Amino acid sequence: MSDLDLLTQSLARNVKRWRTERGFTLDALAARAGVSRGMLIQIEQARTNPSIGTVVKIGDALGISVTTLLDYERGPKVRIVPADQAVRLWHTDAGSYSRLLAGTEAPGPLEMWDWRLMPGEGSGSDPHPPGTVEIAHVTAGELTLTVDGAEYRVEAGASVTFDADAAHSYANRGEVPTQLVLTVSVPPPAH
């Protein structure tokens, strides 16, 4: 079984498990996540590989991290994620990517990502739930961060925090690759 097949089956199992645990019907989760009921059915039946944007929306609606959606095993309080087990969820032919390094529930989802943006490339994100905060540390190049239409330049060695409940995007407008570590903290869902 391929890694993608394992991820698809894990996602199917975990969306259904967490939806049931939260007491959401398919219609209720679809409405909260802003995805179609049909898409949720396909995900829960492991018949599709949804975009990372869709997975993030579902995780946000359930109040759990992408890590939890992709990995059911809840081990001891210490969890080491070997480098070869970081999950690459987005990439381009030019070499841009995002890798989910680690995540936990603390008390809401908390995720740490490794991003590379090649010159001229970028990636956008829909608004996360109110109270979501992102922290980025740029390790190489320069990040152009746009939050709610306002643009910010973050140079190598600098860090930025922002409220991520507005539309936001990450871009590399420079001539060398941009590398950053990004942490996303989502508050637990209100029941």
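Scroll up to find the structure.
One structure accompanies this document, and this report is about it. This one's a predicted model, so the numbers in the text were calculated from it and none came from an experiment. (Residues numbered from 1 in each chain as written. Predicted model: local features only at pLDDT ≥ 70, side-chain atom pairs only at ≥ 80, totals over all residues. Heavy atoms only, no water.)

Regarding the pattern of salt bridges
Next, step 1: Enumeration according to the criterion identifies eight salt bridges in this entry.
Next, step 2: The salt bridge partner of Arg17 is Glu21, with a shortest N-O separation of 3.9 Å. Taken together, the positions of Arg17 and Glu21, both in helix α1 (residues 3-22) and four residues apart, correspond to about one turn of that helix.
Next, step 3: Judged by relative accessible area, Arg17 falls into the partly exposed class, the value being 25%.
Next, step 4: Note on Glu21: relative accessible area 47%, which makes it partly exposed.
Next, step 5: What you see here is one network of salt bridges that share partners, running through Glu142, Glu151, Arg153 and Arg173. (Salt bridge = Lys/Arg side-chain N within 4 Å of Asp/Glu carboxyl O. Helix = DSSP H or I, 4+ residues; strand = E, 2+ residues; numbered from the N terminus. Buried < 20%, exposed > 50% of the residue type's maximum accessible area, 1.4 Å probe, protein only.)

Considering the packing of aromatic side chains
Next, step 1: If you walk through the whole model with that rule in mind, you get two aromatic pairs.
Next, step 2: Relative to Trp115, the ring of Trp90 lies with its centre 5.3 Å away and its plane at 40 degrees, an arrangement referred to as tilted. Taken together, the positions of Trp90 in strand β1 (residues 87-91) and Trp115 in strand β3 (residues 109-117) put the pair 25 residues apart, joining distant regions of the chain. Here Trp90 and Trp115 have matching classes, each one buried.
Next, step 3: Ring geometry for Trp115 and Tyr170: centres 5.0 Å apart, planes at 45 degrees, overall tilted. Of this pair, Trp115 sits in strand β3 while Tyr170 sits in strand β9 (residues 168-171), and the two are 55 residues apart along the sequence. One exposure class covers both Trp115 and Tyr170, and it is buried. (Phe/Tyr/Trp six-rings, centres within 6.5 Å; stacked < 30°, edge-to-face > 60°.)

Section: the sheet that holds β9
Next, step 1: The antiparallel open sheet is built from four strands, whose spatial order is β4-β9-β6-β7. Two strands in the sheet have a free side with no partner beyond their single neighbour: β4 (122-125) and β7 (150-155). Taking the axes of each pair of neighbouring strands and ignoring which way they run, one obtains an average angle of 15 degrees across the sheet.
Next, step 2: Across six bridges, strand β6 (residues 142-147) lies against β7 in antiparallel orientation. What sits directly across from Val147, in β7, is Ala150. (Pairing = 2+ DSSP bridges. Axes fitted to C-alpha atoms, helices over the stretch in contact; angles between N-to-C directions.)

Quick word on helix α4 (residues 52-62)
Next, step 1: Most of α4 sits out of view: eight of its eleven residues are buried.
Next, step 2: Taken together, the buried positions of α4 are Thr54, Val55, Val56, Ile58, Gly59, Asp60, Ala61 and Leu62.

Regarding the pairing of β9
Next, step 1: Inspection of the sheet shows β4 paired to β9 by four bridges, in the antiparallel sense. Each bridged residue has a counterpart across the sheet, and for Gly122 the counterpart in β9 is Ala171.
Next, step 2: Bridge count for β6 against β9 is four bridges, and the pairing is antiparallel. Among the inter-strand pairings, Val147 is bridged to a residue of β9, identified as His168.

With respect to the pairing of strand β5 (residues 133-140)
Next, step 1: Looking at chain direction, β5 and strand β8 (residues 159-163) are connected through five bridges and run antiparallel. Residue pairing across strands places Val133 opposite Asp163, the latter belonging to β8.
Next, step 2: Looking at chain direction, β5 and strand β10 (residues 178-185) are connected through seven bridges and run antiparallel. Along β10, the bridge assignment pairs His137 with Val181.

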